[in-house]
Amino acid sequence: MFKRLLLQLCALVVVGGISATSWANVPAPPVNQNIGIPDGVFNDLARENCWYCHIPSRLTPENLDDIGWTFQPPEVKPGVITDRHHFRVGTVIQNPTDSPFGVPGETYECTDCHIIEFNPDAGYFEVVENFVNCLNCHQQIPAQASVHHLTAPAQALNCQHCHGARIDNPGDGHYIPTGRTPTLVTPRTSNGKGPNGEGACDFCHNAGTDDVTGRVIPTNDVNHHSTGIGQPGISDLDCSICHDQMGTDWAIRRCEDCHGIKSIHNIQFDSNDDGVITIGGEDPFFGHVGSSPQDCNGCHGGYIMASGMPAPFSGPIVPELSGLSKQRVTTGTAETITVSGQALTNEVRTFMGDMEVKSRVSLTAPDGTTLELTPQTISPSAMDVTLPADLSPGNYYLRAVKGSDTMSNPIVLLVGPQVAIDEVSSNGTTLTITGGGFGTYLNAVDSGTSVTMATTTCSVDSWSDSEIVANCGTAVCGSLEVESIFGSASKEVSCN
Ligand code: HEC
Ligand code: HEC
Ligand code: HEC
Ligand code: HEC
Ligand code: HEC
Ligand code: HEC
Ligand code: HEC
Ligand code: HEC
């Protein structure tokens, strides 16, 4: 420990003179926080913390209280969280479900999530505000398990569902060198045996204060244990997911279930900000394979003569998405959107010169089917892609993918139905409105679902996704408007 401190002090002096980036944790620890989910503890959140990353449409970033978090939230927003719930209307309720009133197997209606109550003073039904606090429906176990890690994909050890290929999934068949005994080159989880403590994850990933944000980064055990994965009393998962021979030279092999050579050797940030990630051509301490041998030695201990050596499996640096130019589109139109991120392409040094590895766009539909699209234009930080016009409505996980399966974190793309009135027929004061995208109806004030003729609010007799029967009383002609959970449509009804 003493040796390492000394090394850091010396290195700081040297690096100060040569590094292009002064605001960075170089050398580590702690590591920079450019890639992935911020390292930390998230099992004691209040609704405002959820909003920091997931903003409901009634709020804007400006409305949010300062909750003192100093990292950039991942792009799961802005404002799509309301639609993401509403796009579930009419779809099958999953099992298990976080819906307070829904029955798995049936289809979602408004009252599977919302409560309406009659207000006797005003004389109408109102939507009760049970929906504002995320934690009324989504569970965490304070100080033990965070909300994301109690979800079905996390409990099924599908960690890549949200973390992308920065990690591997246990049991997906990726290579782990179990056939040979660990050597001095095999990384340890902590207490590296290298001359200065190299040769372990915590040589770089250790507690400390992030230079850029001032945030305190905890140790690796705290970051993992606080997710609740494998902790007692939470589910059938236990410690053996991450530990089998703790404290021995074999310990890292269990970690390789998620941190296999394939993912480990493809984590890298663009250190010199030249817009391109070049494997073997970056400053040290911005990832795992930027600089050989410095980065290699952090894990491999400094025993091997790794200088200039390529790391096995490295090539497709894990891409990371940070935003979509449009997060909600409508079915029926082939829109072109811009997907931004980092490492969407990268360079690999080969004997034939530098070779570019490019991402494709993958869309996973609510039913689990996946569609791949080739972007029209691509740079390391952005790509333009045209979405097919015939996507059926719903919430899609959009990812960048390189090679066979090196996928980024997801960003949710919302495909809304077209809300349209085709025909209106009347029988006395009763109107039959046919069309599509009407969703379901909630008879309450400000429910976001209504039929109006001119300025009169009509009473609804029946309402399905394609047909509404309503009574507008004396208002029999004028501008007819249907407001549905998915949007609105209007049509002129002539007076003769
Ligand atoms: C640090 C940012 C962050 C915070 C804070 C956060 N989330 Fe998330 N959440 C994400 C990301 C990233 C995903 C995965 C991508 C996605 O589904 O959009 C996600 C996904 C989810 C999902 C979907 C799970 C699934 O099965 O796919 C739910 C539900 C969720 N979050 C609820 C919450 C709730 C409730 C809170 C507050 C207790 C919260 N989140 C706080 C970033 C965050
Ligand atoms: C799967 C759960 C779910 C279903 C089903 C659902 N909602 Fe919601 N609803 C939500 C959530 C979550 C929010 C947003 C929470 C927030 O704003 O903090 C919301 C917000 C709303 C709001 C407030 C909108 C705003 O911008 O302030 C209205 C009104 C509403 N829903 C009506 C409906 C109607 C009508 C239906 C049926 C057609 C419906 N909801 C179906 C979960 C649901
Ligand atoms: C009234 C209950 C309720 C509230 C409140 C609620 N949710 Fe949900 N949420 C659900 C249900 C139900 C689902 C559908 C998944 C399921 O059946 O468990 C869902 C799904 C989600 C999803 C995944 C949606 C998708 O298909 O992509 C995210 C993300 C999410 N919720 C986040 C939040 C956040 C953040 C909040 C607070 C702003 C919140 N929820 C508030 C009930 C609720
Ligand atoms: C539904 C999306 C989702 C899934 C699935 C998921 N995570 Fe996470 N993970 C997140 C989000 C969002 C955060 C940050 C907020 C939190 O911890 O709840 C996070 C944070 C973490 C952290 C702490 C942050 C860090 O970088 O140190 C660890 C460790 C972690 N997850 C491990 C796992 C493991 C192991 C699995 C699979 C068993 C898994 N996650 C599956 C979304 C997910
Ligand atoms: C030479 C220093 C060094 C060593 C040793 C090291 N890492 Fe990293 N690692 C980094 C840097 C730098 C990043 C990029 C952090 C950023 O910018 O977010 C990183 C990022 C990661 C990430 C993705 C982003 C994140 O923060 O979650 C994972 C996962 C990871 N390392 C796992 C490991 C594991 C497992 C070990 C031990 C086998 C290890 N690392 C050893 C320097 C190192
Ligand atoms: C999701 C992965 C994961 C799971 C599951 C997990 N751990 Fe850990 N644990 C870690 C990591 C990562 C470290 C840090 C290793 C290091 O630095 O050597 C750690 C370190 C430890 C340590 C040594 C450091 C400390 O905190 O004292 C102990 C003891 C420990 N774990 C016990 C457990 C027990 C008991 C369980 C089951 C209840 C468990 N762990 C489950 C990931 C996990
Ligand atoms: C079940 C899967 C899983 C196992 C097993 C696992 N980890 Fe992780 N680990 C993760 C995930 C997920 C992250 C967060 C990646 C991100 O930021 O998106 C992570 C992140 C890390 C990081 C980067 C720093 C941080 O906190 O984000 C280190 C270092 C690390 N793990 C070390 C270990 C060690 C050591 C072990 C074995 C004791 C281990 N992990 C076992 C899933 C796992
Ligand atoms: C973040 C930690 C980390 C970094 C940085 C890293 N590696 Fe590795 N590497 C591993 C792990 C873990 C293994 C598996 C070792 C084991 O289980 O015995 C491995 C295995 C290897 C192997 C043996 C492959 C096999 O088939 O068993 C070689 C060769 C190698 N690394 C070279 C490199 C080179 C060269 C670099 C730098 C460009 C590098 N590594 C950077 C973690 C790392």
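Since we're looking at a predicted model, the values are computed, not measured.

Student: Describe the overall build of the chain, listing the residues and the values that go with them.
Tutor: Secondary structure assignment for the chain yields nine helices and 24 strands. Principal axes of the C-alpha set define a box for the chain whose edges measure 90 × 50 × 45 Å. Counting across all 496 residues of the chain, residues that qualify as buried make up 43%. At a minimum sequence separation of 6, the contacts of the chain that also span at least 24 residues come to 58%.

Student: With reference to specific residues and values, describe the site of ligand 4.
Tutor: Around ligand 4, the structure places 20 residues, and the nearest of them are Ser146, His149, Cys159, Cys162 and His163. Residue Ile37 places a main-chain N or O atom 3.4 Å away from an oxygen atom belonging to ligand 4. One of the side-chain N or O atoms of His148 is found 2.8 Å from an oxygen atom in ligand 4. Elements represented by at least two residues in the shell around ligand 4 include exactly α4 (152–155), α5 (160–163) and α6 (220–225).

Student: I'd like a rundown of the coordination of the iron atom of ligand 6, residues and numbers included.
Tutor: In this structure, His225 (NE2) and His243 (NE2) serve as the protein donors to the iron atom of ligand 6, at separations of 2.0 Å. Around the iron atom of ligand 6, the six donor atoms sit at angles spanning 84 to 179 degrees, and that spread fits a shape best called octahedral. Of the two residues, His225 is situated in helix α6 and His243 in the loop between α6 and α7 (251–255); the sequence distance between them amounts to 18 residues. Residue classification places His243 among the partly exposed residues on the basis of a relative accessible area of 30%.

Student: For the pairing of strand β11 (residues 370–373), give the residues involved together with the corresponding values.
Tutor: In the sheet, strand β10 (residues 360–364) pairs with β11 via four bridges, with the strands oriented antiparallel. Across the sheet, residue Ser362 finds its bridge partner in β11, namely Glu372. Taking the residues between adjacent antiparallel strands as the criterion, β10 and β11 are bridged by five residues, where Gly368 takes a positive phi near 90 degrees.

Student: So what's going on with the coordination of the iron atom of ligand 3? Which residues, and what values?
Tutor: Ideal values for angles at a metal depend on the geometry: 109.5 degrees with four tetrahedral donors, 90 or 180 degrees with six octahedral donors. Protein coordination at the iron atom of ligand 3 comes from His85 (NE2) and His138 (NE2), with a distance range of 2.0 Å. What the six donor atoms of the iron atom of ligand 3 show is an angle range of 89 to 179 degrees at the metal, which sorts the shape as octahedral. One end of the pair, His85, is in helix α3 (residues 81–86); the other, His138, is in the loop between β2 (124–127) and α4, with 53 residues separating them in the sequence. With a relative accessible area of 30%, His138 lands in the partly exposed category.

Student: So what about the sheet that holds strand β12 (residues 377–378)? Which residues, and what values?
Tutor: With respect to topology, four strands assemble into an open sheet ordered β5-β7-β13-β12, the strand pairing being antiparallel. The open sheet terminates on both sides in strands that have one partner only, identified here as β5 (320–324) and β12. Pairing of β5 with strand β7 (residues 336–342), which is carried by four bridges, proceeds in the antiparallel orientation. Bridge pairing in β7 places Glu320 opposite Gln342.

Student: Just give me the short version of the pattern of salt bridges, but keep the residues and values in it.
Tutor: Following the criterion strictly, the structure yields twelve salt bridges and no others. The shortest N-O distance in the salt bridge between Asp249 and Arg188 comes to 2.4 Å. Taken together, the residues span a long stretch of sequence, with Asp249 in the loop between α6 and α7 and Arg188 in the loop between α5 and β3 (208–209) at a distance of 61 residues. One salt-bridge network, in which partners are shared between bridges, spans Asp168, Lys262 and Asp405.

Student: Describe the nonpolar core, with residues and values.
Tutor: When a protein is soluble and globular, its nonpolar side chains tend to lie buried together. Core analysis: the biggest nonpolar cluster contains 25 residues, and Ile433, Val451, Met453, Ile468, Leu480 and Val482 have the highest contact counts within it. Those elements that place two or more of their residues in this core are β16 (411–416), β18 (430–436), β19 (450–453), β21 (459–463), β22 (467–471), β23 (478–484) and β24 (487–493). Structurally, this core is a two-domain feature, drawing no fewer than three residues from each of domain 1 (47–139) and domain 3 (420–493). When residues no more than four places from it in sequence are discounted, the contact partners of Val451 are Ile433, Thr456, Thr457, Cys458, Val460, Trp463, Ile468, Ala470, Leu480, Glu481 and Val482. In terms of nonpolar packing, the next biggest core, distinct from the first, is built from 20 residues, Leu324, Ile337, Val339 and Leu373 among them.

Student: Tell me about the side chain of His114, and name the residues and values.
Tutor: Assignment of secondary structure puts His114 in the loop between α3 and β1 (116–119). Apart from the residues within four sequence positions on either side, His114 is in contact with His86, Phe101, Val127, Asn130 and Phe131.

Student: So what about the side chain of Gln268? Which residues, and what values?
Tutor: Secondary-structure assignment places Gln268 in the loop between α8 (261–264) and α9 (294–300). At 3.1 Å, the side chain of Gln268 and the backbone nitrogen of Val289 are in polar contact. In terms of polar contacts, Gln268 uses its side chain to reach the backbone amide nitrogen of Gly290, at 2.8 Å. If we skip the residues at most four places from it in the chain, Gln268 touches Ile35, Ile277, Glu282, Phe286, Gly287, His288, Val289, Gly290, Asp295 and Ile317.

Student: Residues and numbers for the packing of aromatic side chains, please.
Tutor: Using the criterion set out here, one finds nine aromatic pairs in the structure. Judged by centre distance (4.9 Å) and plane angle (20 degrees), the rings of Tyr441 and Trp463 are stacked. A residue pair is termed long-range when its members are at least 10 positions apart, and Tyr441 in the loop between β18 and β19 and Trp463 in strand β21 qualify at 22 residues. When its relative accessible area of 14% is taken as the criterion, Trp463 is described as buried. Grouping aromatic residues by their ring pairs yields a cluster made of Phe42, Tyr52, Trp69 and Phe71.

Student: Tell me what's going on with the environment of Phe203, and back it up with residues and numbers.
Tutor: With respect to the helices, strands and loops of the structure, Phe203 is situated in the loop between α5 and β3. The spacing of Phe203 and Val31 is 172 residues in sequence and 9.7 Å in space, taken between C-alpha atoms.

What counts, and where the lines are drawn
Residues numbered from 1 in each chain as written. Chains lettered and ligands numbered in written order. Predicted model: local features only at pLDDT ≥ 70, side-chain atom pairs only at ≥ 80, totals over all residues. Heavy atoms only, no water. Helix = DSSP H or I, 4+ residues; strand = E, 2+ residues; numbered from the N terminus. Buried < 20%, exposed > 50% of the residue type's maximum accessible area, 1.4 Å probe, protein only. Contact = heavy atoms within 4.5 Å. Near = heavy atom within 4 Å. Polar contact = N/O pair within 3.5 Å; in protein donor to acceptor, adjacent residues only side chain to side chain. Donors = N, O, S within 2.8 Å, 3.2 Å for Na, K, Ca; no water. Tetrahedral: all angles 85-135°; square planar, octahedral: opposite > 155°, others 65-115°. Pairing = 2+ DSSP bridges. Salt bridge = Lys/Arg side-chain N within 4 Å of Asp/Glu carboxyl O. Core = buried A, V, L, I, M, F, W, Y, C linked by side-chain atoms within 4.5 Å. Domains from an automatic or database assignment. Phe/Tyr/Trp six-rings, centres within 6.5 Å; stacked < 30°, edge-to-face > 60°.

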